[in-house]
Every structure is written in structure tokens, then in C-alpha cells.
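Residues per chain are reported as follows:
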Amino acid sequence: MDKEQEQVSEEIPANDNQEVSDPDQEQDLSAEELGRMLDDARNKADEHWEQVVRARAEMDNLKKRHQRELENAHKYGLEKFVGELLGVWDSLEMGYQAARENHDVEKLLEGTELTLKMLSDAMTKFGVEQIDPEGQPFDPDLHQAMGMVPTGDVPPNTVVQVVQKGYSLNGRLVRPAMVMVSQAAS
């Protein structure tokens with residue numbers, strides 16, 4: 001062993017689990033064995049490259065599929081809701097047509113009542129709740145005061161009239177109720 005090899009072997013600690021290659025042994029390998037080892041290494045490299053290419057292709061396909069699903073969720077997310085509302089729409093159109101042809105107020109009232117019930121059921125099914133706070137204390141988080149009404153028969157800051165009902169979707173305010181609020185009589 002020359003001095004360079006001795007220095008290298010002193011710097012690299014011998015590990016029982018790792019084979020230390022001896023340069024003299026490598027020279028003893030025939031060209032045929034070296035060629036076979038090179039072919040094995042190339043085959044493994046090709047195999048690993050194919051795995052990487054397949055993994056990339058899978059990732060690209062997964063990204064594209066998720067993108068399509070997200071676009072479809074945005075595009076068709078309201079499909080069930082619209083399906084529920086179509087019955088209400090049909091009912092309104094039939095009521096309108098009936099009103100033009102027949103002026104029977106009782107039937108129109110009955111049809112309108114049924115249509116409102118259908119709309120209420122559809123909204124409730126999808127988590128829409130009506131806020132009708134008449135007689136309740138004023139809550140600025142849910143109500144918008146349109147004005148004050150002096151009155152002595154209810155406590156101050158009580159909703160005495162609902163101008164427009166409010167709505168929430170799954171507990172989140174969509175539109176506050178427009179209300180008139182009581183004020184102490186002067």
C-alpha cells in the first residue's frame with residue numbers, strides 16, 4: 001500500500017456492515033464481469049427512471065382530476081338546491097297562469113300558500129332559516145334598525161315591526177332583518 005492509500009484508509013473508519021473495497025481486488029475483475037455490472041447498474045437506473053416517470057404522470061393525472069372535480073363542484077354545487085326550487089318555480093307559473101284565466105281569489109290564495117310552503121321546505125332542507133324577530137329584543141348582530149317607534153306597551157329596544165325578514169344559512173347571517181324598534185314614550 002502506498003502512502004496515499006494508507007492515509008485514506010486511516011480517515012475512513014472500518015464498519016463491520018460495510019465492505020471496504022480493495023483496489024487490487026477491483027483490478028482482478030474481468031472485463032466481462034465489469035460489463036455485466038455496468039449492465040445491471042444501467043438496468044436498475046432505467047427501472048428507477050421508469051418509476052419516476054410513472055410517479056410524475058400519476059401526480060399530473062391526480063392534479064388534473066382534482067382540478068376537474070373542483071371546477072365541477074363550483075359549477076354544479078347548487079344542482080340539488082336548484083332541483084328543489086324548480087317545483088316552486090313551476091307552482092308560481094301555474095298560479096300566475098290560473099290568475100290570468102280564472103279570478104277565483106280563494107284558489108289563488110290556496111295555491112300561493114302551498115307554493116310558500118314548498119319554498120320554505122326547500123330552504124329549510126338546505127339550511128336556510130328565516131329570522132322573524134317581532135316581539136324579541138333588538139340584536140344588532142341579526143337585525144338592522146330602520147327606525148324607532150315611541151311606545152309605552154313594550155320595553156325599550158324591542159322589535160315592534162318587521163319590515164323585511166332576515167335569513168341565515170347554516171347559522172351564518174345572509175341578510176339581517178329590517179326592523180322598527182321600540183323607544184320609551186316621552
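Residues numbered from 1 in each chain as written. Predicted model: local features only at pLDDT ≥ 70, side-chain atom pairs only at ≥ 80, totals over all residues. Heavy atoms only, no water.

Caption draft 1: Molecular detail of the overall build of the protein chain. Along the protein chain, the regular secondary structure elements total five helices and six strands. Reading the protein chain from its N end, one meets helices and strands in the order α-α-α-α-α-β-β-β-β-β-β. A total of 186 residues make up the protein chain; the buried ones form 12% of that total. The long-range share in the protein chain, meaning contacts at least 24 apart out of those at least 6 apart in sequence, stands at 60%. Summed over its atoms, the accessible surface of the protein chain is roughly 15,800 Å², and 53% of this surface lies on carbon and sulfur atoms. (Helix = DSSP H or I, 4+ residues; strand = E, 2+ residues; numbered from the N terminus. Buried < 20%, exposed > 50% of the residue type's maximum accessible area, 1.4 Å probe, protein only. Contact = heavy atoms within 4.5 Å. Areas by Shrake-Rupley, 256 points an atom, 1.4 Å probe, with all protein chains shown as cover.)

Caption draft 2: Focus on the confidence of the model for the protein chain. With 85% of its residues at a pLDDT of 70 or more, the protein chain has an overall mean of 86. Considering only residues more than four positions removed or in separate chains, one finds that residues 12-20, a stretch of pLDDT under 50, has zero contacts. (pLDDT = per-residue confidence, 0-100.)

Caption draft 3: Spotlight on the nonpolar core. Formed by Ile131, Val159, Val162, Ala177, Val179 and Val181, the largest nonpolar core amounts to six residues. Among the secondary structure elements, those contributing two or more residues to this core are strand 3 (159-164) and strand 6 (177-184). If one sorts the elements of this core by residue count, strand 6 sits on top with three residues. In this structure, Val159 is in contact with Pro133, Glu134, Gly135, Gln136, Phe138, His143, Val179 and Met180, ignoring residues within four places of it in sequence. (Core = buried A, V, L, I, M, F, W, Y, C linked by side-chain atoms within 4.5 Å.)

Caption draft 4: Layout of the sheet that holds strand 1 (residues 128-131). Read across the sheet, three strands follow the order 1-4-5 without closing on themselves; strand pairing throughout is antiparallel. The open sheet has two free edges, formed respectively by strand 1 and strand 5 (172-175), since each of these has just one partner strand. Between one strand axis and the next, the sheet turns through 35° on average, direction left out of account. Pairing between strand 1 and strand 4 (residues 166-169): four bridges, direction antiparallel. Note that in strand 4 the partner of Glu129 across the bridge is Ser168. (Pairing = 2+ DSSP bridges. Axes fitted to C-alpha atoms, helices over the stretch in contact; angles between N-to-C directions.)

Caption draft 5: The arrangement of unusual backbone geometry in detail. A positive phi is found at Asn157, a non-glycine position, where the angle reads about 65°. Inspection of the secondary structure assignment puts Asn157 in the loop between strand 2 (143-151) and strand 3. Residue Asn170 is not a glycine yet carries a positive backbone phi of 50°. Its place among the elements puts Asn170 in the loop between strand 4 and strand 5. Taking relative accessible area as the criterion, Asn170 reaches 61% and is therefore assigned exposed.

Caption draft 6: The packing of aromatic side chains, seen in detail. Under the counting rule described, the total for this entry stands at one aromatic pair. With a centroid separation of 5.3 Å and 85° between ring planes, the pair formed by Phe81 and Phe126 is classed as edge-to-face. Separated by 45 residues along the polypeptide, Phe81 in helix 4 (residues 79-101) and Phe126 in the loop between helix 5 (105-125) and strand 1 bring together distant segments of the chain. The class for Phe81 is buried, based on a relative accessible area of 19%. (Phe/Tyr/Trp six-rings, centres within 6.5 Å; stacked < 30°, edge-to-face > 60°.)

Caption draft 7: The arrangement of the sheet that holds strand 3 in detail. Read from one edge of the open sheet, three strands run 2-6-3, paired in mixed fashion. Single-partner strands in this sheet number two, and they are strand 2 and strand 3. Neighbour-to-neighbour, the strand axes of the sheet open up by a mean angle of 25°, direction not taken into account. The pairing of strand 3 with strand 6 spans four bridges and is classified as antiparallel.

Caption draft 8: The packing of helix 4 against helix 5, seen in detail. For the pair helix 4 and helix 5, interaxial distance at closest approach is 9 Å and the crossing angle is 170°. As judged from the angle between their axes, helix 4 and helix 5 are roughly antiparallel. Across the interface between the two elements, Phe81, Glu84, Leu85, Gly87, Val88, Ser91, Leu92, Gly95, Ala98 and Ala99 of helix 4 pack against Leu108, Gly111, Thr115, Met118, Leu119, Ala122, Met123 and Lys125 of helix 5. (Parallel < 35°, antiparallel > 145°, perpendicular 65-115°, else oblique.)

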